[in-house]
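Residues per chain, in single letters:
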Amino acid sequence: MSTPSLQARPFFFEDLNVGDCFDSPTRTITEADVVNFACLSADFNRLHVDAEYAKGTAYGQRIAHGLLVLAVMSGLVTRMLLNQHLEPNLLGLLDIQCRFPKPTFIGDTVQVRVSVAEKTPTSKPDRGVVAFRREVLNQRGEVVVEGVWKLLVRRRPVEV
């Protein structure tokens, strides 16, 4: 996989190539994250908030909410140079497909790997759809969230 040059200029649809790959900074999932997310979402599932209950589950400990990890993924992506270069030309989020192949535990440190999976021109000449494959990796290199985000991206204006 390649990483395109991240010069100080906005990225357009044409600047991204299938296979381009980018890594985010890391972030540790904390007890406070889980408690705050439970309060925000009103999801007090015992697997997330009850240590004694969670000891008796297949995981042997509490796990972070999947949607919390998805939200952390979103935040980490906004901190990436890729996002900073694309932001002026992002027109919208079209679709999210994701799955959670492994649990994320309190204390896990996660990082997001984003790669360009597909590019599709639209019927409108000023935009195209970019499918980004996103993977959240824990400190052991295990994929804990994976999926595809389709974004509508402005195309480079035609110079006359």
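Structure: above.
In this text, all values refer to a predicted model and were calculated from it rather than measured experimentally.

(A) Focus on the state of the cysteines. All told, the structure shown has zero disulfides when counted by the stated rule. Among the cysteines around Cys-21, which has no disulfide bond, Cys-98 carries the closest sulfur, lying 19 Å off. On the basis of relative accessible area, Cys-98 is assigned to the partly exposed category, the value being 32%.

(B) Representation of the sheet that holds strand β4 (residues 127–137) within the structure. The antiparallel open sheet is built from five strands, whose spatial order is β1-β3-β4-β5-β2. Single-partner strands in this sheet number two, and they are β1 (21–28) and β2 (90–99). Between one strand axis and the next, the sheet turns by 25° as a mean value, whatever way the strands run. As paired strands, strand β3 (residues 109–121) and β4 are joined by 10 bridges and run antiparallel to one another. Note that in β4 the partner of Glu-118 across the bridge is Ala-131. Docked against the sheet, helix α4 (residues 66–78) engages β1, β2, β3, β4 and β5 (143–154), running at close to 70° with respect to β3.

(C) Quick look at the side chain of Thr-104. Along the chain, Thr-104 turns up in the loop between β2 and β3. Taking relative accessible area as the criterion, Thr-104 reaches 4% and is therefore assigned buried. Discounting residues that sit within four places of it in the chain, Thr-104 has contacts with Ile-29, Ile-63, Ala-64, Val-69, Val-110 and Val-144.

(D) Region of interest: the environment of Cys-21. Inspection of the secondary structure puts Cys-21 in strand β1. You can call Cys-21 buried: its relative accessible area is 11%.

(E) Spotlight on the pairing of β4. Burial analysis of β4 places nine of its 11 residues in the buried class, which makes it a mostly covered element. What sits between the antiparallel neighbours β3 and β4 is a turn of five residues. The sheet contact formed by β4 and β5 spans 11 bridges and is antiparallel. Bridge pairing links Arg-134 to Gly-147 in β5.

Cut-off values and rules
- Residues numbered from 1 in each chain as written.
- Predicted model: local features only at pLDDT ≥ 70, side-chain atom pairs only at ≥ 80, totals over all residues.
- Heavy atoms only, no water.
- Disulfide = S-S within 2.5 Å.
- Buried < 20%, exposed > 50% of the residue type's maximum accessible area, 1.4 Å probe, protein only.
- Pairing = 2+ DSSP bridges.
- Helix = DSSP H or I, 4+ residues; strand = E, 2+ residues; numbered from the N terminus.
- Axes fitted to C-alpha atoms, helices over the stretch in contact; angles between N-to-C directions.
- Contact = heavy atoms within 4.5 Å.

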